[in-house]
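Here is how the chains run, residue by residue.
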Amino acid sequence: MSSLSRRGLSAAALLLLLTFALHVFRLDAVPLRGDEAFTVRYWANDPATVLDDLAHWEPHPLGAFFGFWAWKQTAGASEFTMRVLPLLGSILSVASVFALARHLWKDSRLALLAAGLWAINPHLIWHAQDVRNYALWAGLSPLALVLFLRAIDRNTPRAWILYILAEAAAIYVFFLEALA
């Protein structure tokens, strides 16, 4: 690995740490708003209840419901812990944008610029601190795209399987991914 590549990856790792710090700052300063409380109360309910009730009238895919349910079982139901899952999605989004930009432009500096702009975008920070599925989608969608481009380049079964898994996860988190 060249020194430029090492420097680029080191800078990307530093950017991810800064992203975490920026996105976790005051994560639980504001009480859950209506949609967030709905997510914690109903989306994160047990899967049988979700399938019986919520899946019939809530316009979000099952992956979002089961993801928040599994997270609630693992991390707990406090405002802070429930907001950590979207925060992790936002960190994945910055890493995915870096990888995508680096793949497209073959330049770590431009990739850092793209990922840095993504990391400081107030709209994306707000979603990173919101107990909904949008930050998860913002992480999975560019990940699926970069894996798609890598699958085209490599054309191996493993590359295609990774792409299909990432794309399926993105679609199961947010239906509009199918349009991407």
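Residues numbered from 1 in each chain as written. Predicted model: local features only at pLDDT ≥ 70, side-chain atom pairs only at ≥ 80, totals over all residues. Heavy atoms only, no water.

**Some remarks on the overall build of the protein chain**
Here's step 1: Looking only at helices and strands, one finds 9 helices and 0 strands in the protein chain.
Here's step 2: Counting from the amino terminus, helix and strand elements in the protein chain follow one another as α-α-α-α-α-α-α-α-α.
Here's step 3: Burial analysis of the protein chain (180 residues in total) assigns 42% to the buried set.
Here's step 4: The contacts of the protein chain with a sequence gap of at least 6 include a subset with a gap of at least 24, amounting to 68%.
Here's step 5: Charge centroids of the protein chain, computed over 14 positive and 13 negative side chains, lie 15 Å from each other. (Helix = DSSP H or I, 4+ residues; strand = E, 2+ residues; numbered from the N terminus. Buried < 20%, exposed > 50% of the residue type's maximum accessible area, 1.4 Å probe, protein only. Contact = heavy atoms within 4.5 Å. Lys, Arg positive; Asp, Glu negative; His and termini not counted. Charge placed at Lys NZ, Arg CZ, Asp CG, Glu CD.)

**Regarding the environment of L147**
Here's step 1: When you line up the elements, L147 lands in helix α8 (residues 134–154).
Here's step 2: Owing to a relative accessible area of 13%, L147 belongs among the buried residues under this scheme.
Here's step 3: Sequence-wise, L147 and L100 are 47 residues apart; in three dimensions their C-alpha atoms are separated by 8.6 Å.

**Focus on the side chain of T19**
Here's step 1: Counting through the fold element by element, T19 comes out in helix α1 (residues 3–24).
Here's step 2: The contact partners of T19, leaving out residues within four places of it in the chain, are I91, V94 and A119.

**Comments concerning a nonpolar patch on the surface**
Here's step 1: A cluster of nonpolar side chains, contributed by L22, L104, W105, L110, L113, L117 and I120, occupies part of the molecular surface with about 690 Å² of accessible area.
Here's step 2: Of all the secondary-structure elements, those providing two or more residues to the nonpolar patch are α5 (79–105) and α6 (108–120).
Here's step 3: The dominant element in the nonpolar patch, judged by the number of residues it contributes, is α6, at 4 residues.
Here's step 4: By secondary structure assignment, the location of L22 is in helix α1. (Patch = residues over 30% accessible without salt bridge, like charges linked within 9 Å, V, L, I, M, F, W, Y side chains within 5 Å. Areas by Shrake-Rupley, 256 points an atom, 1.4 Å probe, with all protein chains shown as cover. Salt bridge = Lys/Arg side-chain N within 4 Å of Asp/Glu carboxyl O.)

**With respect to the packing of helix α4 (residues 62–75) against α5**
Here's step 1: Where α4 contacts α5, the axes come no closer than 9 Å and their chain directions differ by 125°. Considered as vectors, α4 and α5 are oriented oblique to each other. As α4 packs across α5, the resulting crossing turns out to be right-handed. Here α4 contributes G67, F68, W71, K72 and A75 to the contact with α5, which in turn contributes T81, M82, V84, L85, P86 and L88.
Here's step 2: Grouping the constituent residues of the contact of α4 with α5 by class yields 8 nonpolar, 2 polar and 1 charged. (Axes fitted to C-alpha atoms, helices over the stretch in contact; angles between N-to-C directions. Parallel < 35°, antiparallel > 145°, perpendicular 65-115°, else oblique. Left-handed = near helix turned anticlockwise from the far one by under 90°. Nonpolar A, V, L, I, M, F, W, Y, C, P; charged D, E, K, R; others polar.)

**Some words on the packing of aromatic side chains**
Here's step 1: All told, the structure shown has 8 aromatic pairs when counted by the stated rule.
Here's step 2: Judged by centre distance (6.0 Å) and plane angle (75°), the rings of F148 and W160 are edge-to-face. Here W160 lies in helix α9 (residues 157–173) and F148 lies in helix α8, a separation of 12 residues in the sequence.
Here's step 3: Overall, the relative accessible area of 29% leaves F148 in the partly exposed class. (Phe/Tyr/Trp six-rings, centres within 6.5 Å; stacked < 30°, edge-to-face > 60°.)

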